[in-house]
Amino acid sequence: MNRNTKNILSWIFLIGLLFLIAAPFDSKILGGNPKEITYSKFIKAVSAGDVKEVNIRNTSSKLTGVLNDGSVFSTITPYDAKMVEKLLDNGVEIKVESGDSGWGYLVSALIQWFPFLLLIGLMIYSARQMQGGGKGGGFGGGAFGIGKSKAKMFQPKKIKITFADVAGIDEAKQELEEIVDFLKAPQKYQRLGGKIPRGMLLVGDPGNGKTLLAKAIAGEAGVPFFSISGSDFVEVFVGVGASRVRDIFETAKKNSPCIIFIDEIDAVGRRRDSGRGGNDEREQTLNQLLVEMDGFDENQGVIVLAATNRADILDPALLRPGRFDRRITVQYPDMNGREKILTVHTKNVPLSPDVDLKTVARGTPGFSGAELANLVNEAALLAARDDKLSVAMKDFELAKDKVIMGAERKSMSMTDEEKRNTAYHEAGHALIALLVPQCDPIHKVTIIPRGGALGMVVRLPEKDKVSVTKTELLSNIRVSLGGRAAEEIFFGQDNITTGASSDLKQATDVAKKMVIKWGMSDKIGLRTFYDSADGYYLDASDQISQNTSETIDSEVKAIIEAAYAEVKGMITKHKKKLERMALSLLEHETLTGDEVKRIFEGKKLKRAAPIEDDLDDFKLGGLPTSDEE
Ligand code: ADP
Ligand code: ZN
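1. Comments concerning helix 13 (residues 335-345)
Turning to step 1, where the next piece is worked out: Three or more residues of helix 13 are buried, namely G337, R338, I341, L342 and V344. One side of helix 13 carries all its buried residues, which in axial view fall inside an arc of 160°.
Turning to step 2, where the next piece is worked out: In the core, the buried residues of helix 13 are packed alongside helix 14 (357-362) and helix 15 (369-385).

Here is the structure:
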């Protein structure tokens, strides 16, 4: 049965059901089309004794009835006080219906049954979705039941990725090399009785190559690769996820040796018993996963790799020996790693002689592998757009702004007032960034809207960071507050804008973590109330006293209030400088870190060449301080 026929059939079914529900309320529907007759004819028929029964509706002047020969009729009646008497005298059966018409019943029945119908519709819809998923999964052949897995299967021939494509994360690569050996010749390991772990957990932030690594193992070993995301297991219907797990393991065993890759395993593998009311479906799925992990033996040749960036929230049962008992950390690449990743991704990109990947790597602290790949791609697109034959350093420079800040939205029109507000706001951030200690240097300040932001100040770390000092955190809070403070000082309390909402969120976030995560508040002391699974406080009722929780709140508030007061003081003191920055921003729209500094020092702006040509300060990385609309 193809999809269309099924669709039509289910509609017919639904409509049929509707009529079944509604029909008993409307005799007309069952009785066929009544023949319309005049009132006098009707009275004559009554007197002649031809009428068997009539249906009178209270609110209607229309009346229907059945003749002795079984035919159905209807007529419009005038006000006739004697009619009922006449009918009774002639032995006509009288049926009186209440005021609602048949179609009224139909409508009310519809409303009454609507939720039920909706449910049926939804069930049909999601059953179909699931079947669609199974088909897309490409396990090939056969009927697809509801529980069929959504996994994608890659045959060895199709996997072109090898370890050569994975750069800059050598430690992780080394650890995984023995897996390749095992998959290539499982018998060798079986013979000596050595045990290869069957489950491995790849831990690291998105975009650092976890999927790439898993695929490379399959590519190197020449075995099939099954890939599924943890979120594919989480379904509305209890039991579906579990049956998908069963299904994928079954298929994998048939295709062994092979690799199962479960991305985002935290979607199913979250700690159970977190006291927030269980999720039956997820727990069943997780249990099934545990059962499957235990159910095949080491040397069956199935290796399960799972990826997550939240290993800390996984259910401990998942991490027990025999399950995902090996953990491989996939970290952000360091400078060397970044250069190697750039090299891999520029393999097929013609580069101008002026391109120095080391310089690009040095300027991209905090970039993930995926962001670097994106950077190369954007640079190549820019060069192609200008009909160039190779990608130049300038293209990397422009691409970097796009990757860090998002694409420019020249089309967005701002009023002059909004522009002015944004200029003072951004100048506020910039001024504070120049004044506070241990602050990442400014890369660019712009009032050109990009992505979701009206303007932004991009600051870049000078080198890879491992930890952050308290001074630095406080400086970041101050910079975040600089925008709102400038608005308030220049335009007054009544004219502050909504432009600071993401700034305030950022400031609050840092302050909160200082208090409950990093032990940086004297009143709270060296205690932590941070629960990584939920982001913030531990379950307040049993872990934190009322008193402590109030202290936390007041400490967070105190940090921010002190910072805001200080920031307002700094802006008031340097009001002239801030104003000059804002005016330059209104004139040029984008200023480099150097230019901002020159303005601060009272020097003139040198604007001979467009700033894009200025490559001395090639730097990338870090997160922009951006302002939402
Ligand atoms: P994750 O699974 O950790 O989220 P992916 O493996 O999906 O990350 O990475 C996305 C893309 O980023 C890859 O397809 C690849 O192009 C690029 N990439 C990430 N890490 C690396 C790396 N170490 N070497 C080369 N390319 C990488
Ligand atoms: Zn801001």
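Back to the write-up after that little detour.
2. Some words on the pattern of salt bridges
Turning to step 1, where the next piece is worked out: The full count for this structure, using the stated rule, is 21 salt bridges.
Turning to step 2, where the next piece is worked out: The shortest N-O distance in the salt bridge between D165 and K347 comes to 3.8 Å. Pair noted here: D165 is in the loop between strand 6 (152-154) and helix 6 (170-184) and K347 is in the loop between helix 13 and helix 14, with a separation of 182 residues, a long-range link.
Turning to step 3, where the next piece is worked out: We classify K347 as exposed; its relative accessible area is 56%.
Turning to step 4, where the next piece is worked out: A salt bridge links E566 to R478, with the shortest nitrogen-to-oxygen separation between them at 2.7 Å. One end of the pair, E566, is in helix 21 (residues 546-573); the other, R478, is in helix 18 (residues 470-491), with 88 residues separating them in the sequence.
Turning to step 5, where the next piece is worked out: Classification of E566 by relative accessible area gives partly exposed; the value is 39%.
Turning to step 6, where the next piece is worked out: For R478, a relative accessible area of 11% gives the class buried.
Turning to step 7, where the next piece is worked out: If you follow the salt bridges from partner to partner, you end up with E397, K400, D401 and K444 in one network.

3. Digging into the sheet that holds strand 6
Turning to step 1, where the next piece is worked out: Taken in spatial order, the six strands of this open sheet run 6-8-9-10-7-11, and their pairing is mixed. Sheet topology places strand 6 and strand 11 (326-329) at the edges, where each strand pairs with a single neighbour. Pairs of neighbouring strands in the sheet enclose a mean axial angle of 20°, with direction left out of account.
Turning to step 2, where the next piece is worked out: Where strand 6 meets strand 8 (residues 225-229), three bridges bridge the pair, whose relative direction is antiparallel. Within strand 8, the residue paired with K152 across the bridge is S227.

About the cut-offs
Residues numbered from 1 in each chain as written. Chains lettered and ligands numbered in written order. Predicted model: local features only at pLDDT ≥ 70, side-chain atom pairs only at ≥ 80, totals over all residues. Heavy atoms only, no water. Buried < 20%, exposed > 50% of the residue type's maximum accessible area, 1.4 Å probe, protein only. Helix = DSSP H or I, 4+ residues; strand = E, 2+ residues; numbered from the N terminus. Arc of directions from axis to C-beta. Contact = heavy atoms within 4.5 Å. Salt bridge = Lys/Arg side-chain N within 4 Å of Asp/Glu carboxyl O. Pairing = 2+ DSSP bridges. Axes fitted to C-alpha atoms, helices over the stretch in contact; angles between N-to-C directions.

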